[in-house]
Amino acid sequence: MDGPAELEAAEQVVIRLDSSLASTAAAEPAAVGGEPMLFDGAGDRTEAERFLRAVDNIRRLALSSPSVVGSPRRSSGSGAAAGGGGCSAVQVTMARLEDEFRHLLSSRAFDLEIEALADLTSLCISSDRTNSVSSMDLPAVEEDDSISDCGGRRSSYRSLRSIREIDLLPDDAVADLRAIASRMAAAGYGRECAQVYASIRKPAVDASLRRLGVERLSIGDVQRLEWDALEAKIRRWIRAARAAVRGVFASERRLSFHVFHDLPISNVTVVSVVTAAPATHDTPFVEAVKGAALQLFGFAEAISIGRRSPEKLFKIIDLHDALSDLLPDVSDIFAASKAAESIYVQAVEIRSRLADAVRGILSEFENAVLRDPPKTAVPGGTVHPLTRARLAAEGNELAPCLSCLELPEHENQSPLAAHIIWIIVVLEHNLESKVSLYKDTALSHLFLMNNVHYIVHKVKDSPDLWSMIGDDYLKRLTGKFTVAATNYQRTSWLKILNCLRDEGLHVSGGFSSGISKSALRERFKSFNAAFEDAHRVQSGWFVPDTQLREELRISISEKLLPAYRSFLGRFRHHIENGKHPELYIKHSAEDLENAVNDFFEGAPPSPHNRRRSHG
């Protein structure tokens, strides 16, 4: 068959399968000009194969006999546009292939695959490089092994270190996409093919990240969040980032590689808007994921350049460590390509800024502790602002005056752990130096108890901090708290409880009952004065931790109330039989119990309707 006859046969195939040439560009995805799509996965591929052969023939004739068929719109060899009377045949075939490509991408994607990607946090979230173990780890699945999802469909997963790549389309659809892309690229329409690919896959990627919980937040939005809300978002981000990088982005790169690998997707004059570099076969992948990647890493960037404060320290460390753990995977996915390298570079820069933020917080807090001289006592013995600022450390040179401090040592202790312990030791020393500021000995013990309790509480509340500090040092801190609590109770309540002892009340001889009423009256008066003074003073003291405050009140009541009830039961009739008993028995046990509930509120005592024994 000669050239014109062969061309006519090829064109007839194209015309028959594309009956409405004018409407091809705007056709619905499900059909073109009323005809069913060729690549619909229905099983009979005869027409699709005939169409591809016709496309190949037209392309071959365009290259070998330009005088017969004319030139395509672009020449993949030279990259120069050329006109020609017969170029419509190539344009028609390219338009039809573009529609088929769009249809394949939008219709053959697995319906449940987005849900599978959104649930990737249940897959392995720890890199093999770290040798860490997560409660969410699943066994790695070797390449080409299959597992069934909840819908019964079988999906293929591949294990590449910590990366989990999931099939986004069936194998036959990927093969058809490759067949179409290779023909469009060969005809100089690779750029159009890549644009269609990115226009379909980008919304799918964005939807996956939304389902993973990645929000569209600007840097300003992040920096305006209250810390409690931001802390929760950081936890969610770490889980979402692992799934996004190791599942979503990795799977998208795999699909793009299978479709576009080694294809000339544009001529050399076309420049990628992503990298300001010539477009390559990686450009479709980058165009599909760049927005989601920038959005994902933008959150960590906002944290890295935000206001530094001590309470953010450990969450920033968590972010830094999570990003460090992900960087090898980000490198595998992005850094190998010039088109995608900027995403990897951005992630590296953000990790560096997070490290700078950690160092800055540590240094500022340590300097604040080291340079904070004893000035005035904190009112009410509450937690000192330096203690409340949370625990941090920076391993600078030790202050000469503190060089004698004994620091606990542990095997395999990280530099950060050593720094944290160092700053706690310095903080302890600083707090102990402030104890002497209190003229009331009991209040000085309460101050130390409050602050050490705060440190212990923060250590126990943070698994990261607890693991760095270690049980031995935590026991040492707990012991210091116990000593302070014991000293407070002894100095504050021993004198009051001694008023309720029998010693010194008994007399002997004559016709007396054996009890000195004058001594008993003095004992009641001393007790009333001591307790009322404690009530007035210690109601103004402050224990900010509600549980500790309640435990202290219970401890006081358990010692005070039984002793008072017993004393009252043994001796009240001696007072009630005398003159003006109300001057001595001023409080019932219930009155004392109510009064104890005023203690440690940091405010003057509230009035009580105390029940009097005599009124």
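Residues numbered from 1 in each chain as written. Predicted model: local features only at pLDDT ≥ 70, side-chain atom pairs only at ≥ 80, totals over all residues. Heavy atoms only, no water.

- The name that an unreviewed UniProt entry assigns to the chain is Exocyst subunit Exo70 family protein, with the source organism given as Triticum aestivum.
- The Function (unreviewed entry) comment attached to the chain in UniProt states, word for word, "Component of the exocyst complex."
- In the Sequence similarities (unreviewed entry) part of its UniProt record, the chain is described as follows: "Belongs to the EXO70 family." (UniProt positions renumbered as here; feature names shortened; annotations may be inferred.)

Looking at the overall build of the chain
Right, on to step 1. In terms of helices and strands, the chain carries 20 helices and 5 strands.
Right, on to step 2. For the chain, the residues scored as buried account for 49% of the 615 residues in total.
Right, on to step 3. Of all intrachain contacts in the chain linking residues separated by at least 6 positions in sequence, the fraction that spans at least 24 positions is 76%.
Right, on to step 4. Looking at the chain as shown, the accessible area adds up to about 28,800 Å², and 52% of this sits on carbon and sulfur atoms. (Helix = DSSP H or I, 4+ residues; strand = E, 2+ residues; numbered from the N terminus. Buried < 20%, exposed > 50% of the residue type's maximum accessible area, 1.4 Å probe, protein only. Contact = heavy atoms within 4.5 Å. Areas by Shrake-Rupley, 256 points an atom, 1.4 Å probe, with all protein chains shown as cover.)

Topic: unusual backbone geometry
Right, on to step 1. The backbone of Asp262 shows a phi angle near 65°, a positive value even though the residue is not glycine.
Right, on to step 2. Tracing the sequence through the fold places Asp262 in the loop between α9 (227-260) and α10 (283-304).
Right, on to step 3. A relative accessible area of 56% places Asp262 in the exposed class.
Right, on to step 4. Despite not being glycine, Phe600 has its phi angle at roughly 65°, a positive value.
Right, on to step 5. Looking at where Phe600 falls in the secondary structure, it is placed in the segment after α20 (589-596).

Description of the packing of aromatic side chains
Right, on to step 1. Scanning all chains against the criterion turns up 15 aromatic pairs.
Right, on to step 2. Between Tyr488 and Phe600 the ring centres are 6.0 Å apart and the planes differ by 65°, which places this aromatic pair in the edge-to-face class. Taken together, the positions of Tyr488 in helix α17 (residues 471-498) and Phe600 in the segment after α20 put the pair 112 residues apart, joining distant regions of the chain. Summarising the burial analysis for this pair, Tyr488 and Phe600 share the class buried.
Right, on to step 3. The rings of Tyr488, Trp493, Phe527, Phe531, Tyr564, Phe599 and Phe600 are connected pair by pair, giving a single aromatic cluster. (Phe/Tyr/Trp six-rings, centres within 6.5 Å; stacked < 30°, edge-to-face > 60°.)

Notes on the environment of Val425
Right, on to step 1. On the secondary structure map, Val425 appears in helix α14 (residues 415-435).
Right, on to step 2. C-alpha separation for the pair Val425 and Leu477, spaced 52 residues apart in sequence, amounts to 9.9 Å.

A closer look at the packing of helix α6 (residues 171-186) against α9
Right, on to step 1. Running from amino to carboxyl end, α6 crosses α9 at an angle of 50°, the nearest separation of the two axes being 7 Å. Classified by the angle between their axes, α6 and α9 sit oblique to one another. Contact residues: Val174, Leu177, Arg178 and Ala181 in α6; Leu255, His258, Val259 and Phe260 in α9.
Right, on to step 2. Residue composition of the contact of α6 with α9, by class: 6 nonpolar, 1 polar and 1 charged. (Axes fitted to C-alpha atoms, helices over the stretch in contact; angles between N-to-C directions. Parallel < 35°, antiparallel > 145°, perpendicular 65-115°, else oblique. Nonpolar A, V, L, I, M, F, W, Y, C, P; charged D, E, K, R; others polar.)

As for the nonpolar core
In globular proteins that are soluble, nonpolar side chains generally tend to be buried together.
Right, on to step 1. Counting residues in hydrophobic clusters, the biggest one holds 117 residues, and the most contacted among them are Trp237, Phe249, Leu296 and Phe297.
Right, on to step 2. Considering each element in turn, this core owes the most residues, 13 residues, to α9.
Right, on to step 3. Among all residues touching Phe297, those that are not within four sequence positions of it are Trp237, Val245, Leu323, Val330, Ile343, Gln346, Ala347 and Ile350. (Core = buried A, V, L, I, M, F, W, Y, C linked by side-chain atoms within 4.5 Å.)

Thoughts on helix α7 (residues 190-212)
Right, on to step 1. Taking 1.5 Å of rise per residue, the 23 residues of α7 would be expected to cover 33 Å, and the 32 Å separating its terminal C-alpha atoms lies within 8% of that figure.
Right, on to step 2. Of all bends in α7, the biggest is about 25°, found at Arg201, and the proline Pro203 comes one to four residues later.
Right, on to step 3. Trailing α7 by a residue or two, Gly213 shows a phi angle of about 100°, which is positive. (Expected span 1.5 Å × (residues − 1). Bend = angle between axes of the 7 residues up to and from the residue.)

Description of helix α15 (residues 441-461)
Right, on to step 1. With 21 residues, α15 ought to run about 30 Å at 1.5 Å a step, and its terminal C-alpha atoms sit 30 Å apart, in line with that.
Right, on to step 2. Burial within α15 is extensive, with 16 of its 21 residues counted as buried.
Right, on to step 3. Measuring from the backbone nitrogen of Ala442 back to the side-chain oxygen at the start of α15 gives 2.9 Å, which picks out Asp440 as the cap. (Polar contact = N/O pair within 3.5 Å; in protein donor to acceptor, adjacent residues only side chain to side chain.)

Looking at the side chain of Arg246
Right, on to step 1. Structurally, Arg246 is set in helix α9.
Right, on to step 2. For Arg246, a relative accessible area of 2% gives the class buried.
Right, on to step 3. At a separation of 3.0 Å, a polar atom in the side chain of Arg246 contacts the side chain of Asp325.
Right, on to step 4. For Arg246, the side chain forms a polar contact with the side chain of Asp329, separated by 2.7 Å.

Notes on the pattern of salt bridges
Opposite charge on two side chains makes pairing possible when the charged atoms of those side chains draw close.
Right, on to step 1. Using the criterion set out here, one finds 29 salt bridges in the structure.
Right, on to step 2. Between Asp318 and Lys315 there is a salt bridge whose closest N-O contact spans 3.5 Å. One end of the pair, Asp318, and the other, Lys315, are both in helix α11 (residues 313-335), 3 residues apart, so they sit about a helical turn from each other. Both residues of the pair, Asp318 and Lys315, count as buried.
Right, on to step 3. As a salt-bridge pair, Glu532 and Lys586 come within 3.3 Å of each other at their nearest N and O atoms. With Glu532 in helix α18 (residues 517-538) and Lys586 in the loop between α19 (546-576) and α20, this pair connects stretches of sequence that are 54 residues apart.
Right, on to step 4. What makes Glu532 partly exposed here is its relative accessible area of 30%. (Salt bridge = Lys/Arg side-chain N within 4 Å of Asp/Glu carboxyl O.)

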